Amino acid sequence: MKVSVGVPLKVAFRPWVEGLENVPADGPAILASNHLSFSDSFFLPAVLDRKVTFIAKAEYFTTPGLKGRMTAAFFKGVGQLPVDRSGARGAGEAAIRSGVEVLERGELFGIYPEGTRSPDGRLYRGKPGGLARVALATGAPVIPVAMIDTEKIQPPGKVMPKLMRPGIRIGEPLDFSRYQGMEHDRFVLRAVTDEVMYEIMKLSGQEYVDIYASAAKRQIAEALKAEKLAEKQAQKALEKERSGTK
């Protein structure tokens, strides 16, 4: 996949990278990145010599038919692990187990602390469960990563990607060994997550919003729904007014 997907990506989009020396040549490490685009999981592994394993929803691996099998093969090839997201707690525990297993093999584990893509390009509050618990359970260093401009390549609703240069900034590894054995302390988990998000914010230059991205998406959806309802009501009122003047 590094040849069939990674090489064409690098040739076509020419991503620039800073801080490659911060990724160890061997041994376990966690790559904690902001999440702007579906393509983040392809651009980051493409610029690294080592394999990076991310987690993905199980539906990508269980869809029936030829298309489903091809999709499953593709996601396995680019280093994605299936996680059953039925039930928030079950999904979180599955993600943690997957991350620990990857790191115990001495590999790189990629995770998006925001939990979902940013709806508007800003950086949102990190979820403490996955990232911090995996880091404290394994003792692996956490490497903050900032994806730059990947959301501009293929904005929502656009079929054809825009040819432009995205960027990747990789920060220095963060050591949380001082919290070893405290992975069930919610205050420690929040402190670890906030420290990582602060480093990502410095690398990316994004505006930080202290709410979860999932909550922001709900707010945006509700605002759009209210706007459409208001437009519909205004249209009905206008039509009623017109019919009354005839």
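Below is a short write-up of the structure. Remember, it's a predicted structure, so these values are computed and weren't measured experimentally. Within every chain, residues take consecutive numbers counted from 1 along the sequence as written. Predicted model: local features are reported for residues with pLDDT of at least 70 only, side-chain atom pairs are reported and counted for 80 or more only, and whole-chain, interface and lining totals are derived from all residues. Computation of side-chain values covers all heavy atoms of the structure but excludes hydrogens and water.

Nine residue types can take part in a nonpolar core, namely buried Ala, Val, Leu, Ile, Met, Phe, Trp, Tyr and Cys, and a core is a set of them joined through side-chain atoms within 4.5 Å. Throughout this description, buried means an accessible area under 20% of the type-specific maximum (1.4 Å probe, protein chains only), exposed means over 50%, and partly exposed covers the range between. Ile30, Leu131, Val142, Phe176 and Val196 are the most contacted members of the largest nonpolar core, which totals 24 residues. By definition, any uninterrupted DSSP run of H or I lasting at least four residues is a helix, any uninterrupted run of E lasting at least two residues is a strand, and each is numbered from the N terminus. Looking at this core, the elements that each hand over two or more residues are strand E2 (29–33), helix H5 (88–104), strand E5 (108–111), helix H6 (128–138) and helix H7 (186–204). When residues in this core are grouped by element, the largest group, 6 residues, is from H7. Contact between two residues is taken to exist if any of their heavy atoms lie within 4.5 Å; hydrogens are not considered. With sequence-adjacent residues up to four places away left out, Val196 is seen in contact with Ala32, Leu131, Val142, Leu174 and Phe176. Within the second largest apolar cluster, 22 residues are counted, among which are Leu9, Leu44, Met164 and Ile168.

To define axes, lines are fitted to C-alpha atoms, for helices over the stretch in contact only, and angles between the resulting N-to-C directions are given on a 0 to 180 degree scale. It is the contact of H6 with H7, at a shortest axis distance of 9 Å, that shows an interaxial angle of 100°. What the angle tells us is that H6 and H7 run roughly perpendicular. Within the contact between the two elements, H6 uses Pro128, Leu131, Ala132, Arg133 and Leu136 and H7 uses Val188, Leu189, Arg190, Val192, Thr193 and Val196. When grouped by side-chain class, the residues that make up the contact of H6 with H7 number 8 nonpolar, 1 polar and 2 charged. Roughly parallel refers to an angle under 35 degrees, roughly antiparallel to one over 145, roughly perpendicular to one between 65 and 115, and oblique to any angle outside these ranges. Residue type decides the class: Asp, Glu, Lys and Arg count as charged, Ala, Val, Leu, Ile, Met, Phe, Trp, Tyr, Cys and Pro as nonpolar, and the leftover types, Gly among them, as polar.

This is a description of form; function is not addressed.
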